[in-house]
Every structure is written in C-alpha cells, then in structure tokens.
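For reference, the chains in residue letters:
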Amino acid sequence: MHLDPFELHRPTSLEATVGLARSLAGRFNYLAGGTDLLPNYKMHINLRDHLIALDRIPELYGRSERRLGAMERLADLEADPALRAAYPVLADALGEVATPLVRASGTLGGNLLVETRCFFFNQSYFWRASLGFCLKADGDRCHVVPQKERCYATHSGDLAPALLALDASVELAGPDGRRTIPLGALYDAEGDGIRRTTLRPGEVLVAVDLPADAAGRRGRYKKLRVRPSYDFPELGVAVAGRWDDARVDELRVAVGGVEPFPRRFDELTDPLVGAPLDAGRIATLAEEIGRRLRPVHNTFLLPDYRRRMIPVYVRRAIAESRPWGPP
Ligand SMILES: Cc1cc2nc3c(=O)[nH]c(=O)nc-3n(C[C@H](O)[C@H](O)[C@H](O)COP(=O)(O)OP(=O)(O)OC[C@H]3O[C@@H](n4cnc5c(N)ncnc54)[C@H](O)[C@@H]3O)c2cc1C
Ligand code: SF4
C-alpha cells in the first residue's frame, strides 16, 4: 500500500484556511494527526488531490476546563490532571482510544470526525475491487444490507459519547461564517454512514466547549472491543450525572460504536430525575436503550451479541458512576 501524490497546504490562520476551503471546494480533505485519514488514503479510499493541514493554526490549540482546541493531541488531554479530575467520563474514554502511539498523534477534532467503519470498507483497493466496491467508496451497492440507498457504516469514535454525556458544544468555522452547535447536532441523525455529519462544505471544527455545570459530574465510559490494547469500539457507553444521596439530580447516557452516529437518550433519563435509581430502574432503562439501537453485521462481533451487550454495559456504567458504586 502506498500514498498517491497530493498537494499539501499548511495555512497559518483560520481565515486563510477557510479561504483555501472555498477555492478548493470538494477537492480537499482537512488533515489533523492523519491517523485515520492517511491509512484510508493508503487503501485508496475517497482520495482528494489536496490536503489542508491544520497543524499551524494557533486558534485550534489550547485547553482549559471550558474549552478544548480541536488540534489538541489525545495524549496531552489524557495526561492533563485538571481535565481528569473534572471529567472522569472523558478521562476514561481518552484512555480507551486506540493505542498510546495513535493517541500521541491523533487529535480531538480528528476523533470527533473519524470516518465511519465497516469491514467491507476498511480494506485495500484490491480487496474492495474483488467485491465490486460498495456505496461508501467507488461502488453503488451495500453488502451489509443489500440495497443501493443507505450505508450502515458505524461511528467508531470513543470521545463523542463521553462529550455528549457532558453536554459539549462544538465551534465551527467555514466559508459561510462561524457557528456553535450542540455536539449532538454535529452528527446527522437523518443521514447514514456516508452523510454522517451536518458540517457545511469547508467547515473546520475549531474547538469543543463544555458548559460550566459539566465539571464534577460523576461518570464512566465502558467500551466493548475485541483486543483491549488496540481495537475500535464495538460498543461504547458513556454515563455522566449527579446524585443527591440515592436520588438522581441529572443523568446522561450516550452510546456509540453501534450505528452511523452516536446517540443520547434524554427522553429515557430525564423522567428519572428526582427518583431513587435502584437496580430495577437501571435495568429497565438499560433494556429500553438496547431496544432502540440496531447494530448490523459490519464489524467483527455479531450484531446480536453487540445488541445483547448494550444493556449490560449501560448497567455497569451507571452502577460505577453512582456515589456508592456497583452493587
Ligand atoms: C490502529 C488504530 C486504532 C484506532 N483505534 C481507535 C479507537 O479505538 N477509538 C477511536 O476513537 N479511534 C481509533 N482510531 C482512529 C483515529 O486514529 C483516532 O480517532 C484519532 O483521534 C483521529 O485523529 P487524527 O487527528 O489523526 O484525525 P485525521 O486522521 O487527521 O482526520 C480524521 C478525519 O477528521 C477530519 N478532521 C480532522 N480534524 C478536523 C477539524 N479540526 N475540522 C474538520 N475536519 C477535521 C479529517 O479531514 C478526516 O476526515 C484508531 C486508529 C488506528 C490507526
Ligand atoms: S455499510 Fe454497506 S455501503 Fe456502508 S461501508 Fe459497509 S458495505 Fe459499504
């Protein structure tokens, strides 16, 4: 496998970046740490002639309890004691991304925008050619759910569920200006594994903002994967909340690694506020979340197994987040 030639641009300001994005419309990708994009390029997946590197743009760096620059390296976020203390669910998730080597190069922005995955897609050109390719790259059909309309590739980032559970927002900048949206609105619930985000053409993810009341939420991130030292999530459950003795003051549960976008379940957790979160309520909540998610057979573990693990992981994550711990 080799990298085909491309032209590399290294702007030094956000304005210049957005200007380049406008002039190269549709012919470029942004490059952050490259740990996801460049392996895909080596497999000749969705190549562009131009890459716009984000590593020289000061505005994309910097971290505080309330704002994390998109170009912050995962390893630096993981090692930050203030972040670890304020956001246990984020600390858990950071420690679960890939390997220390990938986290030394991979960035926050790249992780939130990591390509969706499928075992018919993350393959060499020749492997994919032997099947006639697929909808997501070079072909016109899906091999997972045979039809020609929709891709079921899975969102496989670990940080999105954790940051969803913390009510994070994202700052975006593009040719049409700047905006800030809730992180949940970045993922396209109406889309699929190809149309996976609501980013407008040329938009850059500038930073992640955390609300003042997110710090101090108790939380855990529980990840199912085949090889614990290395693999993408087959399921990732993030929980963050506050408890007043046995009663819930606030509870967020977000799940990734199952469908083309991560999901939060406020419609199920909001009614629990003020109630004692006993084993029965936790079990009912966990089963209902499991019923609402539909894994397909596009990752290593069978979908039925992944679906049955959803309530198990939700129960564990909530039990370990409570002030009095697991039963
Ligand atoms: C062996 C291996 C194992 C892995 N395991 C995991 C895992 O367990 N969990 C996990 O979450 N990930 C995993 N990854 C995926 C990936 O490496 C990480 O998610 C990493 O955080 C991606 O960041 P990056 O900076 O390298 O992104 P890049 O590869 O540079 O970019 C990824 C995508 O995001 C876009 N992008 C990046 N930054 C921006 C921005 N600021 N604005 C707009 N677009 C942007 C790029 O154009 C590209 O489409 C793994 C990767 C490898 C190689
Ligand atoms: S889900 Fe279907 S279209 Fe999407 S990557 Fe897999 S095989 Fe291709």
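Asks: Please provide a residue-by-residue account of the site of ligand 1, values included.
Replies: Neighbouring residues of ligand 1: 33 residues in total, closest Y30, G33, T35, T107 and D158. For ligand 1, a nitrogen atom lies 2.7 Å from a polar atom in the side chain of D158. For ligand 1, whose unbound accessible area comes to 970 Å², protein coverage reaches 92%. Looking at the shell around ligand 1, the elements that each hand over two or more residues are α7 (108-112) and β7 (204-209).

Asks: Report on the site of ligand 2, specifying residues and quantitative values.
Replies: Near ligand 2 you find C118, F120, F121, C134, L135, K136, C142, H143, V144, C151, Y152 and A153, and these make up its full shell. Along the lines of polarity and charge, the residues of the shell around ligand 2 split into ten nonpolar, one polar and one charged.

Asks: Tell me about the sheet that holds strand β2 (residues 28-31), residues and numbers included.
Replies: The strand order β1-β3-β2 describes an open sheet built from three strands, whose pairing is parallel. A single partner strand is all that each edge strand has here, and the edge strands are β1 (7-9) and β2. Sheet twist, expressed as the average angle between the axes of neighbouring strands with direction ignored, equals 25 degrees. By the bridge criterion, three bridges tie β1 to strand β3 (residues 50-53) in an arrangement that is parallel. Bridging across to β3, L8 finds its partner in L51.

Asks: Any details on the environment of A79? Residues and values, ideally.
Replies: Position of A79 among the secondary structure elements: in the loop between α3 (74-78) and α4 (81-86). A79 sits twelve residues away from A91 along the chain, and the two C-alpha atoms are 8.8 Å apart.

Asks: Run through unusual backbone geometry, naming residues and quoting values.
Replies: Not every positive phi belongs to a glycine, and N46 is a case in point at roughly 45 degrees. At D138, a position not held by glycine, the phi torsion is positive, near 75 degrees. Residue class for D138 comes out partly exposed when judged on its relative accessible area of 49%.

Asks: Residues and numbers for the side chain of T17, please.
Replies: Mapped onto the secondary structure, T17 falls in helix α1 (residues 14-23). A distance of 2.7 Å separates a polar side-chain atom of T17 from the backbone oxygen of S13. Residues within four places of T17 in sequence aside, it is in contact with P11, Y30, I52, L54, I57 and V204.

Asks: Explain the packing of aromatic side chains to me, using residue names and the numbers behind them.
Replies: By convention here, two paired aromatic rings are described through the distance between centres and the angle between planes. All told, the structure shown has six aromatic pairs when counted by the stated rule. Ring plane angle 80 degrees and centroid distance 6.3 Å describe the contact between F6 and Y41, whose orientation is recorded as edge-to-face. A residue pair is termed long-range when its members are at least 10 positions apart, and F6 in the segment before β1 and Y41 in helix α2 (residues 37-42) qualify at 35 residues. With a relative accessible area of 29%, F6 lands in the partly exposed category. Ring plane angle 55 degrees and centroid distance 6.2 Å describe the contact between F120 and W127, whose orientation is recorded as tilted. Feature note: the residues F119, F120 and W127 constitute an aromatic cluster, connected by ring pairs.

Asks: Please set out α1 residue by residue, giving values where relevant.
Replies: Among the residues of α1, L14, T17, V18 and A21 are the ones counted as buried. For α1, the buried positions fall inside an angular range of 95 degrees around the axis, keeping them on one side. Turned more than 90 degrees away from the buried face of α1 sit E15, R22 and S23, all of them exposed. Elements that come into contact with the buried residues of α1 comprise β2, β3, β5 (169-174), β6 (177-182) and β7.

Asks: Can you break down the pattern of salt bridges residue by residue, with the values?
Replies: Applying the stated criterion across every chain, the model contains 37 salt bridges. For D55, the salt bridge identified is with R10, shortest N-O distance 2.4 Å. Of this pair, D55 sits in the loop between β3 and β4 (67-69) while R10 is found in the loop between β1 and α1, placing the two residues 45 residues apart along the sequence. For R10, a relative accessible area of 38% gives the class partly exposed. With a shortest N-O distance of 2.6 Å, E320 and R220 are connected by a salt bridge. Of this pair, E320 sits in helix α13 (residues 303-321) while R220 sits in strand β8 (residues 218-224), and the two are 100 residues apart along the sequence. On the basis of relative accessibility, which here comes to 24%, the residue E320 falls in the partly exposed class. Taken together, the shared-partner salt bridges connect D167, D213, R217, R242, E250, R252, R264, D266 and D270 into one network.

Asks: Can you break down the pairing of strand β10 (residues 247-256) residue by residue, with the values?
Replies: In the case of a regular strand, side chains alternate between the two sheet surfaces. In terms of burial, β10 is largely enclosed, as eight of its ten residues are buried. Alignment of strand β9 (residues 235-244) against β10, held across nine bridges, turns out to be antiparallel. Across the sheet, the residue bridging to D244 is R247, located in β10. Linking β9 back to β10 in an antiparallel pair, the connection comprises two residues, with D245 at a positive phi of about 50 degrees. Relative to strand β11 (residues 263-264), β10 is paired through two bridges, and the arrangement is antiparallel. The residue of β11 that forms the bridge with V255 is R263. In this structure, the hairpin formed by β10 and β11 is closed by a connection of six residues, where G257 is found at a positive phi of approximately 80 degrees.

Conventions adopted
Every chain is numbered on its own, with residues counted from 1 as its sequence reads. Chain letters and ligand numbers both follow the written order, the letters beginning at A and the numbers at 1. Totals for whole chains, interfaces and linings use every residue, but because this is a predicted model, local features are given only for residues with pLDDT of at least 70 and side-chain atom pairs only at 80 or more, for both listing and counting. For the side-chain quantities, the full set of heavy atoms in the structure was used; hydrogens and water were omitted. In this text, near means that some heavy atom of the residue lies within 4 Å of the molecule or strand in question. Identification of polar contacts relies on pairs of N or O atoms within 3.5 Å, with a donor-acceptor requirement for protein atoms, meaning one able to donate a hydrogen and the other able to accept it, and with residues adjacent in sequence counted only if both atoms are side-chain atoms. Per-residue and other accessible areas follow the Shrake-Rupley method at a 1.4 Å probe size, with only the shown protein chains counted as cover for residues. Strands are runs of DSSP state E lasting at least 2 residues, helices are runs of H or I lasting at least 4, and numbering of each runs from the N terminus. Polar here means any residue outside two lists: the nonpolar Ala, Val, Leu, Ile, Met, Phe, Trp, Tyr, Cys and Pro, and the charged Asp, Glu, Lys and Arg; Gly therefore counts as polar. A pair of strands is treated as paired once DSSP finds two or more bridges between them. Axis lines are fitted to C-alpha atoms, over the contacting stretch for helices. Their N-to-C directions set the angle, which ranges from 0 to 180 degrees. Partly exposed residues are those whose accessible area sits between 20% and 50% of the maximum for their type, while under 20% is buried and over 50% is exposed, using a 1.4 Å probe and protein chains only. Contact definition: two residues touch when any of their heavy atoms are within 4.5 Å. Two aromatic rings from Phe, Tyr or Trp, using only the six-membered ring of Trp, form a pair when their centres are within 6.5 Å; if the ring planes differ by under 30 degrees the pair is stacked, by over 60 it is edge-to-face, and anything between is tilted. An arc is given here, and it is the one of the directions from the helix axis to the C-beta atoms. Salt bridges are defined by distance alone: a side-chain nitrogen of Lys or Arg within 4 Å of a carboxyl oxygen of Asp or Glu.

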